[in-house]
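# Reading the structure
Take a look at the letters that make up each chain.
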Amino acid sequence: VGSEMCIRDRATLELPAAPEELVPFAVPAELTIHGVTQPVTVDGEGQWIDDGLEVVGAVDITLSQFGVERPSLAGRSARDEAVVEFKLRFVPAGG
């Protein structure tokens, strides 16, 4: 299952001013899973670490809103609710 997330309003993102500062954010985004795109809110925080910016966050979803069948095992189905978590590290290009 392929997925893609696109931030809709980058103006709401604030970068940390100092390396030790954690900056929380909640931004509107579009999440595509299994070919279905839905609006979501991405909650997380960013922090400068060494030479890059580290961003961690999560998005609460339901599998059914993306047309994903709930997995089952031995006749028991998984919950419809799921959390998409991510950890991204942005560093300058070059070498």
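Our subject is the structure that appears above.
In this report, the structure presented in the accompanying data block is examined. (Residues numbered from 1 in each chain as written. Predicted model: local features only at pLDDT ≥ 70, side-chain atom pairs only at ≥ 80, totals over all residues. Heavy atoms only, no water.)

## Some words on the overall build of the protein
Helix and strand counts for the protein stand at 0 helices and 7 strands. The linear arrangement of helices and strands in the protein, starting from the amino end, is β-β-β-β-β-β-β. A compact globule built from 95 residues should have a C-alpha radius of gyration of about 12 Å, whereas the protein, at 16 Å, is more than 25% larger. Judged by the C-alpha coordinates and their principal axes, the protein covers about 50 × 25 × 25 Å. When each of the 95 residues of the protein is scored for burial, the buried share is 24%. Restricting to contacts in the protein with at least 6 residues of sequence separation, those with at least 24 account for 50%. Summed over its atoms, the accessible surface of the protein is roughly 6,800 Å², and 52% of this surface lies on carbon and sulfur atoms. (Helix = DSSP H or I, 4+ residues; strand = E, 2+ residues; numbered from the N terminus. Rg over C-alpha atoms; globule rule 2.2 N^0.38 Å. Buried < 20%, exposed > 50% of the residue type's maximum accessible area, 1.4 Å probe, protein only. Contact = heavy atoms within 4.5 Å. Areas by Shrake-Rupley, 256 points an atom, 1.4 Å probe, with all protein chains shown as cover.)

## As for the pattern of salt bridges
For the structure shown, the criterion picks out 3 salt bridges. In this structure, E54 and K87 form a salt bridge, with 4.0 Å as the shortest nitrogen-oxygen distance. Linking E54 in strand 4 (residues 52-62) with K87 in strand 7 (residues 81-90), this pair joins segments that are 33 residues apart in sequence. Here E81 ties to R79 by a salt bridge, and the two come within 3.4 Å at their closest N and O atoms. A relative accessible area of 62% places R79 in the exposed class. (Salt bridge = Lys/Arg side-chain N within 4 Å of Asp/Glu carboxyl O.)

## Describing the sheet that holds strand 4
The antiparallel open sheet is built from 5 strands, whose spatial order is 1-2-3-4-7. At either margin of the open sheet sits one strand with a lone partner, and together these are strand 1 (3-7) and strand 7. Across the sheet, the mean angle from the axis of one strand to that of its neighbour is 30°, orientation sign disregarded. Two strands pair when backbone bridges link them, and strand 4 and strand 7 are joined in this way by 10 bridges, in the antiparallel orientation. Note that in strand 7 the partner of D60 across the bridge is V83. (Pairing = 2+ DSSP bridges. Axes fitted to C-alpha atoms, helices over the stretch in contact; angles between N-to-C directions.)

## Some words on the pairing of strand 2 (residues 23-33)
The pairing of strand 1 with strand 2 spans 5 bridges and is antiparallel. If you follow C6 over to strand 2, its bridge partner there is E30. As defined by bridge partners, strand 2 adjoins strand 3 (residues 36-49) across 11 bridges and the pair is classed as antiparallel. Bridge pairing links L31 to Q38 in strand 3. Here strand 2 folds back onto strand 3, and the loop between the two strands holds 2 residues, one of which, H34, carries a positive phi near 60°.

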